[in-house]
Amino acid sequence: MIDRELLERYQAAFGCTFDVALWGRRPGDGVNDLMRVALAGYGPPVTDERIASRLRERLVSPEGL
């Protein structure tokens, strides 16, 4: 689940850069991590494509590499 307090801080800094309704129904740990990294200045703002890419990476098994 997406951390609402973190989302508020993120949106205050970057605006609305991804579809919260789309990702809010999925486990939000990956989205929360991406927002934390962006807020800390270590990564770009979160986009729908970055979230989707992160999910695809998690689905790839080590044997498939």
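Look up a bit, the structure's there.
Everything in this summary refers to the structure shown in the same document. Remember, it's a predicted structure, so these values are computed and weren't measured experimentally. Note that residues are indexed from 1 along each chain, following the sequence as it is written. For a predicted model such as this one, the threshold for reporting local features is a pLDDT of at least 70, and the threshold for listing and counting side-chain atom pairs is 80 or more; totals across whole chains, interfaces and linings nevertheless cover every residue. The side-chain values count all of the structure's non-hydrogen atoms but skip hydrogen atoms and water molecules.

## Quick look at the environment of Arg-9
Next, step 1: In this text, helices come from DSSP runs of H or I with a minimum length of four residues, and strands from runs of E with a minimum of two, each type numbered from the N-terminal end. Mapped onto the secondary structure, Arg-9 falls in helix H1 (residues 4-14).
Next, step 2: Judged by its relative accessible area of 47%, Arg-9 falls in the partly exposed class.
Next, step 3: Sequence separation between Arg-9 and Met-35 is 26 residues; the distance between their C-alpha atoms is 9.2 Å. For every residue, the accessible area (1.4 Å probe, protein chains only) is compared with the maximum for its type, and the residue is labelled buried under 20%, exposed over 50%, or partly exposed between those bounds.

## Some words on the packing of aromatic side chains
Next, step 1: A pair of aromatic rings is counted whenever rings of Phe, Tyr or Trp (Trp by its six-membered ring) have centres within 6.5 Å, and the orientation is called stacked for planes under 30 degrees apart, edge-to-face for over 60 and tilted otherwise. On inspection of all chains with the given rule, the structure shows 2 aromatic pairs.
Next, step 2: Aromatic side chains Tyr-10 and Phe-14 sit 4.9 Å apart centroid to centroid with 35° between the ring planes, which places their arrangement in the tilted category. Residue Tyr-10 and its partner Phe-14 are located together in helix H1, separated by 4 residues, close to a single helical turn.
Next, step 3: Here Phe-14 falls in the partly exposed class, since its relative accessible area comes to 31%.
Next, step 4: Between Tyr-10 and Phe-18, the ring centres sit 5.8 Å apart and the planes meet at 55°, which makes this aromatic pair tilted.
Next, step 5: Taken together, the ring pairs connect Tyr-10, Phe-14 and Phe-18 into an aromatic cluster.

## Observations concerning the packing of helix H3 (residues 29-39) against helix H4 (residues 48-59)
Next, step 1: Axis geometry follows a simple rule: fit a line to the C-alpha atoms, using only the stretch in contact for helices, then measure angles between N-to-C directions, giving values from 0 to 180 degrees. Where H3 contacts H4, the two axes come as close as 10 Å, and the packing angle between them is 125°. With respect to H4, the axis of H3 lies oblique. For the pair H3 and H4, the crossing hand works out as right-handed. On the side of H3, the interface is formed by Asp-29, Gly-30, Val-31, Asp-33 and Leu-34, while H4 contributes Arg-50, Ile-51, Arg-54 and Arg-58.
Next, step 2: Note on residue classes: Ala, Val, Leu, Ile, Met, Phe, Trp, Tyr, Cys and Pro are nonpolar, Asp, Glu, Lys and Arg are charged, and everything else, Gly too, is polar. Broken down by class, the residue content of the contact of H3 with H4 amounts to 3 nonpolar, 1 polar and 5 charged. If an angle is under 35 degrees, it is roughly parallel; if it is over 145, roughly antiparallel; if it lies from 65 to 115, roughly perpendicular; otherwise it is oblique. Two helices crossing with the near one rotated counterclockwise from the far one by less than a right angle form a left-handed crossing, whereas a clockwise rotation gives a right-handed crossing. Any two residues whose heavy atoms approach within 4.5 Å are treated as being in contact.

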